[in-house]
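# Topology and contacts: notes
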Amino acid sequence: MSNSTAPAAGAADEPGDAARIARLRRLRSALDGADRQKTLAGGVTERLDHLWRTGGQDHATARGIRPDYIQIRERFIRATLADELGPTLPRLLQTQGLQVRLQLLLMFDAQCRYHPGMPVHNVRSIARRADDQFAGWRELVLADVQPSQAFGGPDATSKVRGALRRRQITEALVRLEDQHLVTIPRHPKGSRRYDDFQLLSEEGSREHPPYTGPRTTVLSLPRHFFTSGWVWVLSDTEIATYLMLRHMRAARPAAHADSGVFVTSGDRETLYRQHRSTWRSADMLYRLRLIDRMPTTGRNFRTGKLGNPKIKDKTARKPLVRYKINDDALQDNALATAWQVLTDPSTQDVIRRDHGPLAEKADPSVSLLFSTRT
């Protein structure tokens, strides 16, 4: 991966790339702890890996549960037509904030500490207290903090940045509580006791059942999604699209292995309750190699536009775009991968973006031919 610290000329040529690069730069440069001797990204990665390996208690060395996949109940991502409330995830996309990433982190933590079916208890404070034996939630979250000038701007102290990260977490918990995903007890005067929150089922039911790890497999999310940092690098809409495609693969494994899976606009809107703008985020997932977009006859690969005027009519049947998921790509460091692809794209990155995965995987002479035409 490139170690460059500034975007290469012409690298940020996609809509939204400049803002994303700025965010990645902040995540790369954020420092950890009061001594500010290492990066926050590195510290969060180390602590999440420790959680997965041992269960997360300080100084623990014994082998923990080490789940290869985090299991998610179906109603988190997909619901039936008759379900008025709909799946949980789209309801979390309606506001800005940390709630999508935090919800996934809460399930990762629970399944690294408890076997399926066991009651789950929160053992962490938001910010670590002196007698705590587990890292605080603030130490497990890689959040983008931009202090205003009133708080010191770019020169804000680590204490100020820590307080802002804590506020991001507590605001996300309030949104999760609104969707029946956590319960937060109150002090006698009504203020929330954030450190004592407890996780509820990811199905977001108004009956408030407590969370237990699923006993059956419906939607599996590889542990590297967390330990490699993808949960922090991807946007909420990219996470939603990625989970939708993983669910489709679980439902149609043979089709996925053969030619890839697709989601019709009808299913996307009525079952997954995801908007078209969310679906467009598949492009970034493709550029980051988490999925492969398969070439489609009749569509321009780069733009997805239809080339035949006869199939542009609203009543005409459009050629479907199919995708395959690349689990191995999750093992790459997310922050380093996204930075390289967006700021210093290789020849292979450009070929992949413009011509597809088959061209990228072709022999070097073919790849060179494609690159000279770009």
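Rules and cut-offs
Residues numbered from 1 in each chain as written. Predicted model: local features only at pLDDT ≥ 70, side-chain atom pairs only at ≥ 80, totals over all residues. Heavy atoms only, no water. Helix = DSSP H or I, 4+ residues; strand = E, 2+ residues; numbered from the N terminus. Expected span 1.5 Å × (residues − 1). Buried < 20%, exposed > 50% of the residue type's maximum accessible area, 1.4 Å probe, protein only. Phe/Tyr/Trp six-rings, centres within 6.5 Å; stacked < 30°, edge-to-face > 60°. Lys NZ or Arg CZ within 6 Å of the ring centre and 35° of its normal. Contact = heavy atoms within 4.5 Å. Polar contact = N/O pair within 3.5 Å; in protein donor to acceptor, adjacent residues only side chain to side chain. Pairing = 2+ DSSP bridges. Axes fitted to C-alpha atoms, helices over the stretch in contact; angles between N-to-C directions. Nonpolar A, V, L, I, M, F, W, Y, C, P; charged D, E, K, R; others polar. Salt bridge = Lys/Arg side-chain N within 4 Å of Asp/Glu carboxyl O. pLDDT = per-residue confidence, 0-100. Core = buried A, V, L, I, M, F, W, Y, C linked by side-chain atoms within 4.5 Å.

Here we take up helix H2 (residues 40-54). The end-to-end C-alpha distance of H2 is 21 Å, a good match for the 21 Å that 15 residues give at a rise of 1.5 Å each. Listed as buried for H2 are Leu40, Ala41, Gly43, Val44, Arg47, Leu48, His50, Leu51, Trp52 and Thr54. At the C-terminal side of H2, Gly55 shows a positive phi close to 100 degrees.

The final tally for this structure, using the stated rule, is four aromatic pairs. Ring plane angle 15 degrees and centroid distance 4.5 Å describe the contact between Phe108 and Phe226, whose orientation is recorded as stacked. Taken together, the positions of Phe108 in helix H4 (residues 99-113) and Phe226 in helix H7 (residues 224-227) put the pair 118 residues apart, joining distant regions of the chain. Phe108 sits in the buried class, given a relative accessible area of 0%. Ring centres of Phe225 and Tyr242 lie 6.0 Å apart, and the angle between their planes is 5 degrees; this geometry places the pair in the stacked category. Of this pair, Phe225 sits in helix H7 while Tyr242 is found in helix H9 (residues 236-251), placing the two residues 17 residues apart along the sequence. One exposure class covers both Phe225 and Tyr242, and it is buried. Cluster of aromatic residues (ring-pair linked, three or more members): Phe108, Phe225, Phe226 and Tyr242. Positioned over the ring face of Trp339 is Arg28, at 4.2 Å from the centre of the ring. Lying over the aromatic face of Tyr211, Arg73 brings its terminal NZ or CZ to 5.8 Å of the ring centre.

Owing to a relative accessible area of 0%, Tyr242 belongs among the buried residues under this scheme. What Tyr242 contacts, discounting residues up to four positions off in sequence, is Leu221, Phe225, Leu285, Leu290, Ile291, Ile325, Asp327 and Leu330. Polar side-chain contacts of Tyr242 include one of 2.9 Å to the side chain of Arg246.

Turning next to the pairing of strand E6 (residues 219-222). Side chains Leu219 and Leu221 project from E6 onto one buried face, and the interleaved Ser220 and Pro222 project onto a second face that is buried too. Inspection of the sheet shows strand E3 (residues 69-72) paired to E6 by four bridges, in the antiparallel sense. In the sheet register, Gln71 faces E6, and the bridge partner there is Ser220.

Let's shift gears to helix H6 (residues 158-178). Quick reminder: α-helices carry 3.6 residues per turn. Residues three or four places apart thus point the same way. Helix length check: H6 (21 residues) gives 30 Å between terminal C-alpha atoms against 30 Å at 1.5 Å per residue, within 8%. For H6, the set of buried residues is Arg161, Gly162, Leu164, Arg165, Ile169, Thr170, Ala172, Leu173, Val174, Leu176 and Glu177. Phi turns positive one or two residues past the end of H6, at His180, with a value near 65 degrees.

As a further point, take the packing of H2 against H4. Relative to each other, H2 and H4 sit at 35 degrees, their axes nearing to 7 Å. Taken together, the residues of H4 that come into contact with H2 (itself represented by Leu48, Leu51 and Trp52) are Leu105, Phe108, Asp109, Cys112 and Arg113. Considered class by class, the residues forming the contact of H2 with H4 number six nonpolar, no polar and two charged.

Right, let's get into the pattern of salt bridges. Here the structure, examined in full by the defined rule, presents 29 salt bridges. A salt bridge links Glu238 to Arg20, with the nearest nitrogen and oxygen atoms 2.7 Å apart. Within this pair, whereas Glu238 is found in helix H9, its partner Arg20 is found in helix H1 (residues 17-29), the two being separated by 218 residues in sequence. Of the two residues examined, Glu238 and Arg20, each falls in the buried class. Arg129 is the salt-bridge partner of Asp195, the closest N and O atoms lying 3.8 Å from each other. Placement of Asp195 in the loop between strand E4 (182-183) and strand E5 (198-199) and of Arg129 in the loop between H4 and helix H5 (137-140) is noted, with a sequence separation of 66 residues between them. The class of Asp195 is partly exposed, set by a relative accessible area of 22%. On the accessibility criterion, Arg129 (43% relative accessible area) is partly exposed. In the salt-bridge network here, residues are joined through shared partners; they are Arg289, Asp292, Asp349, Arg352 and Glu360.

Assignment of secondary structure puts Thr227 in helix H7. Owing to a relative accessible area of 8%, Thr227 belongs among the buried residues under this scheme. Excluding residues within four positions of it along the chain, Thr227 makes contact with Thr45, Leu48, Asp49, Trp52 and Phe108.

The next subject is the confidence of the model for the protein. In this model, the protein carries a mean pLDDT of 87, and residues with pLDDT of at least 70 account for 86%. pLDDT under 50 marks residues 1-15. Its contacts with residues more than four places away, or in other chains, come to 34 contacts. Counting contacts from residues 366-374, a segment whose pLDDT is below 50, to residues more than four positions away or on other chains yields 13 contacts.

Our next topic: the nonpolar core. Ranked by internal contacts, the top residues of the largest apolar core, which has 84 residues, are Leu173 and Phe225. Of the residues forming this core, the biggest block, nine residues, is contributed by H4. Those residues within four positions of Phe225 in sequence are excluded, and the remaining contacts are Leu104, Trp230, Val231, Leu234, Ile239, Tyr242 and Leu330.

This paragraph deals with the environment of Val44. Following the sequence through the fold, Val44 ends up in helix H2. Sequence separation between Val44 and Phe226 is 182 residues, and the spatial gap between their C-alpha atoms is 9.9 Å. Sequence-distant contacts of Val44, defined by excluding residues within four places in its chain, comprise Glu139, Leu140, Val141, Leu142 and Trp232.

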